[in-house]
Structures are given as structure tokens and as C-alpha cells.
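What follows is the residue order along each chain.
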Amino acid sequence: MPSHHRAKNVAYDDDDVYSDEDYVEQEEDAHMTEEDKEQMRLGTIQVKEALGSTVTVSDKEIEESLWHYYYDVDKAVVYLKNKHTPKTAQPKKQKTTPVSRFDQAASAVSTSKQSITVSQPLPSIAYPLPYDSFSATDFWKDTPWLNVPLHRLGVITMEPKFPRGGLLGGSSSNPKPSKLAALAAARKKKQEEAKSVPPLTEADPNQKADSDSAVALLDKLRLNGKDKTTPTTPIPAPISMKQKPVERKFPIRTRSPSPPPAAKVSSNEKEATKQELSQAPIPIPDLRAIPSTFASTLCGIAPSPPKRQLLEDSFQLPYSTVPQFANTNPFAGPSPDDIVRNAQAKGKPVKKDANKTLTGDKLADSVSKMTVDDTKVKSKNLNVVEEFEKSNTKRMANFVVVGHVDHGKSTLMGRLLYDLKVISDRSIAKLRKEAETIGKSSFALAWVMDQTDEERSRGVTVDIATNYFETEKTRFTILDAPGHKDFIPNMIAGASQADFAVLVIDASTNSFESGLKGQTKEHALLVRSMGVQRLIIAVNKMDTIAWSEDRYNEITQQMAAFLTSASFSPKYLTFIPCAGLTGENVTKPLEMQQAPWYTGPTLLGALDTVSATLASHPLTKPLRITISDVFRGGIQNPVSITGRLDSGTCQVGDTLIAMPANETAVIKAIELEDQPVDWAVAGQISTLHLAGIDAVHLRPGDIVSHPSDPVKLASSFTAKILAFEHVLPMNVDVFRGRLSGEGKVQKLVAVLDKSTGEVVKKKVRIVKPGEVARVTVGLERVLPIEAGMRVILREGGLTVASGIVETVEKEGK
Amino acid sequence: MRLLKQQIDQKHGSGFARLLPEEPEDMWHAYNLIQPTDILTARAYRRVTNEYGSGSVSSTRVPVDLTILVESTDFDVASGQLHVSGKVAAENTVVKLGAYHTLDLELQRYFKLEKGDGWDSVALEMLREACDTERKAELWAVVMGEGIANICLITEHQTILRQRVEVAVPKKRKGGLDGHEKGMQKFFSTTLDTLLRYLDLSSSSTNTSANSDKDKTVPLLLASPGFVATAFLQYIKTTATNANNKPLLALLPSILVAHSSSPHLHSLTEVLSSPAIMSKLSDTKYARETALMDTFYTLLRKDDGRAWYGPREVEHAVDRGAVGRGGGVLLISNALFRAQSVEERKRWVALVDRVREDGGGEVRVLSSLHESGRRLEGLGGVAAILTFPIEDIEDGEEEGGQGGSGGGEGDGEMII
């Protein structure tokens, strides 16, 4: 292994070197990356804003300073201000009593430079260059391809005579010192400076050109610049291309080697920035040096062909020459942050009003509490009801697909999704292939919904499958329920989330009849007893009976008779003949020759029609979400729940309480149909990503509500039930959505009249099928059950009764 | 339970029995036998405080045979412990008469029981049953669903829920199938680990460690709706093979898989009444009781006046001699005999005696710790299958509500 390590280390070193080179080359090729340009552009604007009208500085200068300070706007501003407000020496002295060595050095250098600038006309000020004059093409435009005139030829500077220090590799002429070397040099230099500040100022820059470890980036540049420019003053622009990286590289690559002073400065500057932000033009102490001599010299001495000045500090902003560029100022309007802040400021008073109408002031309290919660989820404090009304989104409808096992529910839904292009051809082809390999080719479409191995190998749906599609008018959520009688609890869970139901019936001989004895009947009764009133009866597999009208009529008549007896209103029943496997009359209308007798809508059309007649959901009632699943939504969201909002609204940042665990959580994010949203309203099946709660406290069937109006736990309840089987005092499973619990019918209170609800008979010994009765059900464990909820009682695989909870006995406390 | 000595006068039921509990199950029998007003003698440790003349106090724990007049009993089902408290009724060296003491009955430590108002027929029957030396059927059952498993031990007289396993299994979700599979694996492994902890495969038999001669493996029943039980069996097989777990491999042939309609414990009723299971368990009391309860429910559904439940109704039927020879069965929960009040107990004993002696009917005492007994308890603890139908047991109050039910159907808008 050691050899391996060595190799690895070498590799790392290589990487370093190469990356350096890459970097350098990149700079050579394109002077700035796009990012740099963008940064520069933004920076320039910011600096301009910061400087305000008090100081007039050219763009070029700003850019130059930004470049030197590596886009640090604050520093650049300070620097520019210092430069253009000459009388700042005194405030600086006052303010910077604890001047660090670095600062001393820097200020000393800067003063020395100032003296230089005084002696020479300041080029950058005297020369406010036109903004668009620095494009490379402009610069080179009068240069012939070959035979470049002598005065335009680049000057190649001499290589240093002493052995180059620093790291090996790299294409730069001036070696990049190793980090260690740089650090050592910096230290040494600092010591020197501390010892002799005045000498340093007078020292010949040439001496220091080699010990280029950087006191400050600016210093570094300046010294180098001086070094190079002094001998070649007449020929300003075409500096050897090789030199550029040297100067460029440093401001970018090296950090200031003396962190404490830098921190000091930056903290000073932060204050300054704050002041600037508050738009009080307070003179900033002169902490910064004037522009580099290099830059000054370049600008000042070669004024004759201004367009040819290709200063390494100047650069071309992308598209800056395009006239639109000037107009499109992205910072003209308020920033997105400002918009949010304003909205919050506006939202707060509104929310208070909303609270009064919604859930009282307690909610406001809980919201204010929530802000100190360590999970730190910010609520936008939206008035969700208003937002919902404003949003004007498409109608949303959830429907459950029910019916006897093997009547083709999943296949029909698979077909619907496939024809609506929700499922791609490719994935269908893939499913077909997989289905064929295990010899169940007809199951391919059902596999769109049946995704677990077990479901596929056994060919039955086990659990609810959810999928989405939309038409022009409505966004639908499909809840594909299992038909097998063992999975009726899952079907109940699905049906409890639905607004309406699609009952799938196999039209082929015997299938329909067996279904009517089995789950066709049970499912129809269940969806009805869960409050679903609108029903689409999809008479499926019409292709197997050759679209026989007689058979269809027979089925519709029988079903209509049965469903009306199950207290479905005939006007809410829609019969649709279709064929899921082949896809007739699902989304595409029937062809005439197949069934000339049928002129009605397609299944999709019927879905649209029915969804238009749905009642609105109780938005203003207290929030109730029945958890249908708890899962890990990813690394970001360790605890996520899905469920339908039975009533009320919620939004990101709300605190919720889960019952019966009695644990609170904060909504981190909400997803609706896999899209992130800010709020959710009753009727929607949403995914909530929670924070501040462990998954063990959440179980399917639990109810989530706001802490201000939590759901109560019941140890027993009295319900008005419609019996499907004989009801005796007996053990039952109590179902409510995903919730299921053990219970016991403790007392048969009375038999009631079906339509009036009056007591017909007290002292009941047995409730016969079809009778309506009032019973008391005791629960093995406390469950979140409230008056008005619909419950289903099952025993031994049979649905015994369904009912509405009238009163609940509270937990015995 | 071993009957060490018995001196019971068959005529008036006076006398005592000395018993030695050997299995946890025996505690359950003792719980049913020992009533308030009974006189119980057992070994106990009593802390005795001695005060010396100098004023110094020392306390010692002294083993002593105490005789108490039972006032209340307390039975912990899960641990099988029975505590009997009452006043000391016989003089002894360390405790004063009338002082309270709670006797903790323990396995392998005999006790002597004398009935306060004599050994009645029910008590004698219980005693006989308790001392039945026949090999008792035992069965471990796991009633499970997705993410929930009830591990229980079914014995002749008890169904003891040993452990309830609940593991959150994510439902199937678009793009989240992994979670479901993983969750199920986790659930299976948790359930198997828990189960093995209770089964204690290393020793030949289950918790009947006292009888080392019983080395027959106890059957394990897996029941669930859907395919969970089958999948769990598959998981056990895979685990056993992979880990080469010999005891577990040996267990495999004795595993039964059955269908239940819910993952809750009360669907055991349904499991045990299924023909496949019945054939294997027909000798157990449980299965017989379950079958009897099912018969009762069927008759009740037929509503032909031959099945009645509730104390008053059943007593009425017995008075009329309807629970007699040729099919008359009285089903009674043993919880009724544990009634604290003596009159209450006498009432039920009298009922049982009447059915047995006068009518010649069959009497079945159902254990309140079995699911069938629980079902019976829901019906008031007592039910009867009659030999001939009786229509009007109820005293005719509030008759004539039948007319109302017809109207609702046509309206379409029901109150539900």
C-alpha cells in the first residue's frame, strides 16, 4: 500500500500543477470566463451604486479595482472612494488606531504611490476611456495578419537571472511560488515592513519584484507592474502575453497571506457597507492604496492610441456593445429578496385577519412560536384560502377505481395513462417485454399501476397505486384500488381519498355475475358509505362479448337496480362501455361499426363531466390530514407523509400535530403531484416533508392537524350504522381511511328508521342486514376519531356495517 | 398442576385440596379456582420486626406457612403471576391474626385451598381440568399484516399475546418502490427475531422448561391477509438456509400458513375455524370452543329463536327447559365464576347445575383468555343454543317497530 499512497500523492501533485496550468491557459485564451464577466458586470453596477453621485469614477476604473480586489465590491468601493476623496488621511489615522502591520505597510505604500500620482497626471482620471473601446477586435483591427509593424510587436521580458523558485511546471514565466514559500516570504516581508516601514516606501521596487510573495494583492501587482513598465514605457499595450498570467494569476489564486489584518479590514468594511446600504454617504477612511502604478503608468503614458490599450485590467463585458445591453438592467427593479421581504411585510397584517376567521389567534401564537423552532422553516404567512381562490388553478379531482378482482381496473387505468401519453411508448414496450417473459403479456398495461414484484408475479393489485393525468379542464389523480377481498383495507384507504369513483365491471359472461356477488357489490357499498355519491360504471372488456348491446343493457339494468337500492341516486350514475386492453372508448371514441348503438361519451369524457359537478371542499374548517403513507422522501427530507387534506388548509412553515402520537412537526415543504407548492387545501392529496419529528411517531392512519385545533382521541364512540351483515355485540375492525383498529361492538343502542332517523326499536338483540342502527363501539386502543367521521366496521373478511360517528368518548383522563 | 392431596366431602363440598403448580398455565387454573372467601395456605416470606428491650430494632425475613382468608386475586396474564391477598386466618408464630398479607403463588411450591362455601360442581370441574395430566396442546401463532404482527401463544386455556411487532412499512409509491421492499424485509427480520426469542429453539420445548420430557416441537401458525404470511415463511426458509440455522430448519416442517382477514388478534377465531387448521388442531379445546361459537353465531343469524344471549334471556330459556338434551348447549365464560360477589357466582353455578342436572344439556365453560371467550364476553358472558325455538323471551316491551323500515329505500337519500 505505501507505494500506492505515493503514487496517489504524486497524482495529487500533478493535479495541482495541471490545474494551475489550466487556469493560466484559460486566462490566456479568454481573458475572463463568463462567470468572471458576469461578476464583473454586477460588481461594477454595485460599486457604482455604492459610490453614488458623490464620487465620479469611470467604469474602467471600477472594473480595474474590482479586478484587483477579486470582485470584492466593498473593498473596491473603499479603494475608489479613497482615491477620489483626497482628504481622508486624517480620518484614517483617527479611526485605525489599532493598525496592523499590514495596514501600516499598505498605507505606507499607498502614500508613496500617491506622491507618484501627484507628480504624474493621473491617467485613469484624466482618461475616462469610452466604455466600448476595449474590445480585442477593435484593438487588433488595424493590425495586419503578418508583417506586424515593429512598434506593435510584443516585447518579451527577460527571464529572471536567478534560479526560479517556487513550484515546478506551469507555463508562466514568473514561477508561482509554492504555498509554503509564499507564506514564508510573506512572513519575512511582514517582519521587514514592521521593522522599517519608512525604508520600504523608498525602497526600489525592483528589489522586491522577486520576493513577490504579496503583502497585498495590490501591492504585488503594483510592484510587478512597475518593474515591467518602467523600461518599456513607450510601447504600452502589447505586453508579452506571457506576462499577463503572472499578474492576473495572483489576484485570483493567492489569498492574502496575513489573515488577521484582512479580517480586521473586512470587518471595518462591513460596517462601511452597512452604512452604504443605509445610503448615508459617510466618508470612508482611506484604508486602501491608490491604483497600481502599473495601471497608472500604462494608462498615463500611452495615451496616443487609446483604442489599442489592451490593459490586462480592462476587459470586454459580454454584449456590452449591443445597445440593448444598456437598457436591460436587471437591477432596475427590486431584487427578488426585496420582493419577498415586502410581501412578508404586507402579508403579516393580512394573516392576522385570516387567523381570526380561520382558527383564532392561537394559530398566530403557534406561528410566532414556530419561528424560534430550531428547524427554522420560514412561513410565508399566506392566506391560503385567498391564495387558492386567486390561483385559479385547474379543477382537481381524485377518483378511486374499484371493482371485483380481475375485472381490469389496473389495465383500464394503464390504458388511460398510455393513451394520454402520460406513460411513454418506451416504458410500455419495456413492460410488454417483461410481461411476456413471465408469460403474462396481457398484464403489461396493468403493470403501469402494479409496480411491486409481488403484485406483478401474482397479477393482482395489492395496494393503492397513485398516478396523475390532466385534461384541458381538470387535473386528475387516479387511485387504483385493489379488487381482491383481502386488500379491502387498502381499497378503503383509497376510497377515503376520492371525490368520486369509477366502478369497473367485467362484461364477459359469468364474470359480471360473480363480481356482483363479490367485490363489485362490496366496493359499491363501501364507496357509497364513505360519502362518494357520483359513480362512473365502466363496463369493461366489451371486446370479449363483441360489443353486444343486449349484454350491455342487461348489465346496466342490473347495476342500476342494485346501485339505486344501495342508495345511489340514478342521476349520478354514468354507464360507459369500454375495453381497457384494446383501448376502445377509453380516450378515443368508438368507431361506428363496432357499436353503432352507443353514442355516449368516452370514459375520459365522462371523467371530465363528472369532475365538473363535484362539490367544493371545506377549506375553512380545521385542518385534518389522514396520513396514508410515511416514507423517507430523500436525504433532504427524512420524514415525509402523504395524505389527503380532508378539510382545512396548510402551508409551508406551519406547525402540525400528529395524533395519536401527540408529536409536533413543522412543514418543510409541500409537494402536489410531485411539484413543490407553498400551500395545500382540502381535497388535495399532498406530500408534506416534515421537520422536527421522528418517523416512528407517524403511522398510516394517523391524523395530522394544527396544534390550535387538534383532533381528539377516542376510546369509544357511538355511531349510526347501516348494517350490511348481522351486527351483534362482537369484535370488529374499525376502519377510517388508512386507519384501522381493533374494536368491539359493545352495545346495540337502537334500531333507527332509515329515512327519518327516529328510534324504531330499543333493546336490540341483533341488527339485521339493511337496518340502520345506533351502536356503541369500544376501541382496543385510542384512535383519532371525531364526530362526523365515516367509519367502516368489518369482521372476518366481511364488511359488517358502515356508519357516521355521532359522539365519541374521550380518552379516559 | 399436580393434586397432592384431596380431602373433599362430595356431599357438602367441604374439605381441601393441596396442589402443586408446575407450569405457567397452572397459575391460570389457580386464578380460576381461588375465590374470595376461600382459605388459602401457602409458604410465604414475612418480614418480622423484633424490638429488643434496649430499644434496638432488627428485622428479618422469615419463611412461614400462612393461611389467609382470600379477599382478592390478581393475575398477570403476560408473566403468569398470581397474587392473592387477604387477612391471616390461622394463628402462627410471626403474624397476628387479621393482619393482611399478599401471597405470591409460585411454580413448584404447593398451596392448600379450602373453599369458603364448599366445593361446588363448577369448582370441582375446574379442579379436574386443572389436574388433567394429559399432554396439553400448545401452538404459537403469528397473526400478521403488512408492518404488523401479533405473536401469541395459544395453550389449552389461554391465548397469550406475547409481543406485538409494529414496523413502519412505506406503501408502494411511484418511484419509491425500494422503500416498500426494504420496509418489508426489515419487518420480517424484526418479526423473526422477536419470534425466535420467544420460541427459544435451543431448548427442545417452549416455556415448559420444567418438563424436559416434552421434546415435541410446538407447531407455529402464520396467518395473514394476502400474501404476507407466505412471504414470511419464505423469508424464514431463506434465513434458515443461509445461516444454516439447524433448530430453525427443524422448525420449518411444523409451520402452518393460514389465511386471516385482518392482522388483528381476533381474526385468530377465523384462522382456527378454517378446515385446514381444524384438521390439525381438532383436539385442542380452543378449536372446539371456536367451532361452538361459530355454530351459535350461525344460529343467531338465522334468527329462528334457537340462539339466545345475555344473562336474563339465557336464564329465562333455562327456566323453560329449552337448554336440554339433544343439542342444548350453555356457553358460559369462566369470567362469570370469578365474580367478586358470592351471590353472583352462586347464580351462575346454579345455572350450570340446572342445565346439567335438570335438562341434561351440555355446558361449556369458555376461557375468557381465548378469542372465543372474548366473543362470548361481548355477548354478556353467557349464551345458549336451545333445543327448541323460543320467540318472545323479551318481555314484550316496545314491540312493533317493523313497519318503519320499508320507507327508506325509495327515497334515495338515507340518513347514512
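Now for a look at the structure at hand. (Residues numbered from 1 in each chain as written. Chains lettered and ligands numbered in written order. Predicted model: local features only at pLDDT ≥ 70, side-chain atom pairs only at ≥ 80, totals over all residues. Heavy atoms only, no water.)

Considering the interface of chain B and chain A
The figure often quoted for interface size is the accessible area lost as the parts come together. Each side of the interface is counted separately: chain B has 50 residues, and chain A has 65 residues. Counting across the interface, chain B meets chain A through three salt bridges. Counting residues per element, the ones that place at least two in the side of chain B that touches chain A are β10 (159–166), α3 (177–199), α8 (285–302), β13 (307–309), α11 (371–378) and α12 (408–411) of chain B. Counting residues per element, the side of chain B that touches chain A draws most heavily on α11 of chain B, at four residues. A per-class count over the side of chain B that touches chain A returns 16 nonpolar, 14 polar and 20 charged. (Contact = heavy atoms within 4.5 Å. Salt bridge = Lys/Arg side-chain N within 4 Å of Asp/Glu carboxyl O. Helix = DSSP H or I, 4+ residues; strand = E, 2+ residues; numbered from the N terminus. Nonpolar A, V, L, I, M, F, W, Y, C, P; charged D, E, K, R; others polar.)

Considerations on the pattern of salt bridges
Under the defined criterion, the tally for this structure stands at 28 salt bridges over all chains. With a shortest N-O distance of 3.9 Å, Lys-430 of chain A and Glu-434 of chain A are connected by a salt bridge. Of the two residues, Lys-430 of chain A and Glu-434 of chain A both sit in helix α21 (residues 425–437), four residues apart, roughly one turn of that helix. According to the relative accessible area criterion, Lys-430 of chain A is exposed, its value standing at 54%. Of the charged contacts in the structure, one is a salt bridge between Asp-499 of chain A and Arg-644 of chain A, with a shortest N-O distance of 2.8 Å. Taken together, the residues span a long stretch of sequence, with Asp-499 of chain A in the loop between α23 (488–495) and β4 (500–506) and Arg-644 of chain A in strand β8 (residues 639–647) at a distance of 145 residues. Taken as a pair, Asp-499 of chain A and Arg-644 of chain A share a single burial class, namely buried. Salt bridges linked by common partners bring Arg-699, Glu-742 and Arg-781 of chain A together with Arg-164 and Glu-166 of chain B together as one network. (Buried < 20%, exposed > 50% of the residue type's maximum accessible area, 1.4 Å probe, protein only.)

A look at the nonpolar core
Core analysis: the largest hydrophobic core is formed by 83 residues, its most contacted members being Phe-399, Val-527, Met-559 and Leu-607 of chain A. If you tally residues by element for this core, the top one is β4 of chain A, at six residues. Of the residues that make up this core, three or more belong to each of domain 3 (395–612) and domain 4 (713–810) of chain A. Not counting residues within four places of it along the chain, the set of residues in contact with Leu-607 of chain A comprises Phe-399, Leu-416, Phe-469, Phe-476, Phe-500, Val-502 and Ile-536 of chain A. Formed by 55 residues, the second largest nonpolar core is a distinct cluster that contains Ala-42, Cys-131, Leu-351 and Val-363 of chain B. (Core = buried A, V, L, I, M, F, W, Y, C linked by side-chain atoms within 4.5 Å. Domains from an automatic or database assignment.)

Here's the deal with unusual backbone geometry
Residues and elements named next belong to chain A. The residue after Met-659, namely Pro-660, is reached through a cis peptide bond having omega 5°. Counting through the fold element by element, Pro-660 comes out in the loop between β10 (655–659) and β11 (663–672). In this model, Ala-546 sits at a positive phi of 55°, which is unusual for a non-glycine residue. Among the structural elements, Ala-546 can be located in the loop between β5 (535–540) and α26 (549–565). Positive phi outside glycine occurs at Asp-674, with the angle close to 65°. Tracing the chain through its elements places Asp-674 in the loop between β11 and β12 (675–677).

Considering the packing of helix α2 (residues 121–130) of chain B against helix α10 (residues 342–359) of chain B
Residue and element names in this part refer to chain B. Between α2 and α10, the shortest axis-to-axis distance is 9 Å and the interhelical angle comes to 80°. As the angle between them shows, α2 and α10 are arranged roughly perpendicular. Side by side, α2 and α10 meet where Ser-121, Val-122, Ala-123 and Glu-125 of the first sit next to Arg-345, Val-349, Val-352, Asp-353 and Arg-356 of the second. The residue inventory of the contact of α2 with α10, partitioned by class, reads four nonpolar, one polar and four charged. (Axes fitted to C-alpha atoms, helices over the stretch in contact; angles between N-to-C directions. Parallel < 35°, antiparallel > 145°, perpendicular 65-115°, else oblique.)

Re the environment of Met-789 of chain A
Residue and element names in this part refer to chain A. The residue Met-789 is located in the loop between β20 (772–784) and β21 (790–795) in this model. Relative accessible area serves as the criterion here: at 11%, Met-789 is assigned to the buried category. Here the alpha-carbon distance between Met-789 and Ala-719, two residues 70 residues apart in the chain, equals 9.4 Å. Residues in contact with Met-789, not counting those within four places in the same chain, are Ile-703, Val-711, Arg-736, Pro-784, Gly-803, Ile-804 and Val-805.

Observations concerning the packing of aromatic side chains
Applying the stated criterion across every chain yields a total of 16 aromatic pairs over all chains. For the ring pair Phe-399 of chain A and Phe-476 of chain A, a centre distance of 5.8 Å and an interplane angle of 75° mean the geometry is edge-to-face. Residue Phe-399 of chain A is found in strand β1 (residues 395–403), and its partner Phe-476 of chain A is found in strand β3 (residues 474–480); the two are separated by 77 residues along the sequence. According to the relative accessible area criterion, Phe-399 of chain A is buried, its value standing at 0%. Relative to Tyr-198 of chain B, the ring of Trp-140 of chain B has its centre 6.4 Å away and its plane inclined at 35°; by these criteria the two rings are tilted. Placement of Trp-140 of chain B in strand β8 (residues 139–145) and of Tyr-198 of chain B in helix α3 is noted, with a sequence separation of 58 residues between them. On the basis of relative accessible area, Trp-140 of chain B is assigned to the buried category, the value being 1%. Over the face of the ring belonging to Phe-568 of chain A we find Arg-528 of chain A, whose NZ or CZ atom lies 5.8 Å from the ring centre. (Phe/Tyr/Trp six-rings, centres within 6.5 Å; stacked < 30°, edge-to-face > 60°. Lys NZ or Arg CZ within 6 Å of the ring centre and 35° of its normal.)

Observations regarding the pairing of strand β5 (residues 81–88) of chain B
Looking down a regular strand, the side chains alternate between one sheet face and the other. All names here are of chain B. Pairing between strand β4 (residues 57–76) and β5: eight bridges, direction antiparallel. From the neighbouring strand, Thr-73 faces β5, where its bridge partner is Val-84. Between β4 and β5, which follow one another and run antiparallel, lie four residues, and Gly-80 among them has a positive phi close to 65°. For β5 and strand β6 (residues 100–105), the ladder comprises six bridges, and the chain directions are antiparallel. Within the sheet, the bridge partner assigned to Ser-85 lies in β6 and is Thr-102. (Pairing = 2+ DSSP bridges.)

Re the packing of helix α3 (residues 59–68) of chain A against helix α4 (residues 73–84) of chain A
Residues and elements named next belong to chain A. Where α3 meets α4, the closest approach of the two axes is 9 Å, and the angle between their N-to-C directions is 130°. By the angle between their axes, α3 is oblique relative to α4. For the pair α3 and α4, the sense of crossing is right-handed. Along its contact with α3, which presents Glu-61, Ile-62, Ser-65 and Leu-66, the element α4 presents Val-73, Ala-76, Tyr-79, Leu-80, Lys-83 and His-84. Split into classes, the residues belonging to the contact of α3 with α4 amount to six nonpolar, two polar and two charged. (Left-handed = near helix turned anticlockwise from the far one by under 90°.)

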